[in-house]
Amino acid sequence: MLQRDFSGFRGQRALVTGATAFVDRALERALSGAGADVTALSRGAIRAWTDQLHNLRTLRDDPADQGALIRAVKGQNIVFNLAYGIRAGCRENLK
């Protein structure tokens, strides 16, 4: 679990990209627990653990697709971009 006070995110709309990775899930739990309305965006299937969070909306789309990303970002107060292209190399992901 993340050791940080997330209470400042209460009532905020937060988008987390790359929603199926370990760090992303921990962030989503922390934000949800603080009362943020969380949207999880992932190109893969969102696992069943998301059912445990009452204020989490899931989107299955490709964060690398400009149109999908624009739709996902609309209406959000903050974006945590944790998506990582597993087919790309490290340098490509850091651009």
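Just above sits the structure.
Residues numbered from 1 in each chain as written. Predicted model: local features only at pLDDT ≥ 70, side-chain atom pairs only at ≥ 80, totals over all residues. Heavy atoms only, no water.

### Section: the overall build of the protein chain
Basically, it comes down to this: Strands here are runs of E lasting at least two residues and helices are runs of H or I lasting at least four, both read from the DSSP assignment and numbered beginning at the N terminus. Remark: exposure states derive from per-residue accessible area (1.4 Å probe, protein chains only) relative to the maximum for the residue type, with buried under 20%, exposed over 50%, and partly exposed in between. By definition, residues are in contact when any of their heavy atoms lie within 4.5 Å. Values of accessible area rely on a 1.4 Å probe in the Shrake-Rupley scheme; residue burial ignores everything except the protein chains shown.
The secondary structure content of the protein chain amounts to three helices and four strands. Taken from the N to the C terminus, the helices and strands of the protein chain come in the order β-α-β-β-α-β-α. The buried share of the protein chain, reckoned over its 95 residues, is 35%. When contacts within the protein chain are restricted to residue pairs at least 6 apart in sequence, those whose partners lie at least 24 apart make up 50%. Surface accessibility of the protein chain: about 6200 Å² in total, with carbon and sulfur atoms responsible for 51%.

### Observations concerning the nonpolar core
For clarity, the threshold we go by: What we call a nonpolar core is a set of buried Ala, Val, Leu, Ile, Met, Phe, Trp, Tyr and Cys residues that are connected through their side-chain atoms within 4.5 Å.
Membership of the largest hydrophobic core comes to 13 residues, with the highest contact counts inside it found for Phe6, Phe9, Val16, Leu27, Leu31, Val38 and Phe80. Within the residue set of this core, elements represented by two or more residues are strand S1 (13-17), helix H1 (22-33) and strand S2 (37-42). Sort the elements by how many residues they give to this core and H1 lands first, with three residues.

### Concerning the sheet that holds S1
Strand pairing in a sheet relies on backbone hydrogen bonds. The paired strands run either parallel or antiparallel. Put simply, the rule reads: Two strands pair under a simple rule: DSSP has to find at least two bridges between them. Note on geometry: axes are C-alpha line fits, over the in-contact stretch for helices, and angles between N-to-C directions span 0 to 180 degrees.
An order of S3-S2-S1-S4 is seen for the four strands of this open sheet, with the pairing classed as parallel. The sheet terminates laterally at strand S3 (56-60) and strand S4 (78-81), the two strands that pair on one side only. The mean angle between the axes of side-by-side strands here comes to 20 degrees, regardless of whether they run parallel or antiparallel. Relative to S3, S2 runs parallel, the two being bridged by five bridges. Residue pairing in the sheet places threonine 39 in a bridge with arginine 57 of S3. Each of S1, S2, S3 and S4 touches helix H2 (residues 66-73); the most contacted strand, S1, lies at about 155 degrees to it.

### A closer look at the pattern of salt bridges
Where charged atoms of side chains with opposite charge meet at close range, the side chains can pair. Going by this rule: Salt bridge, as used here: a side-chain nitrogen of Lys or Arg that lies within 4 Å of a carboxyl oxygen of Asp or Glu.
Within this structure, the stated rule accounts for one salt bridge. Aspartate 61 is the salt-bridge partner of arginine 71, the closest N and O atoms lying 3.5 Å from each other. Linking arginine 71 in helix H2 with aspartate 61 in the loop between S3 and H2, this pair joins segments that are 10 residues apart in sequence. According to the relative accessible area criterion, arginine 71 is exposed, its value standing at 55%.

By themselves, these observations are geometric and do not establish any function.
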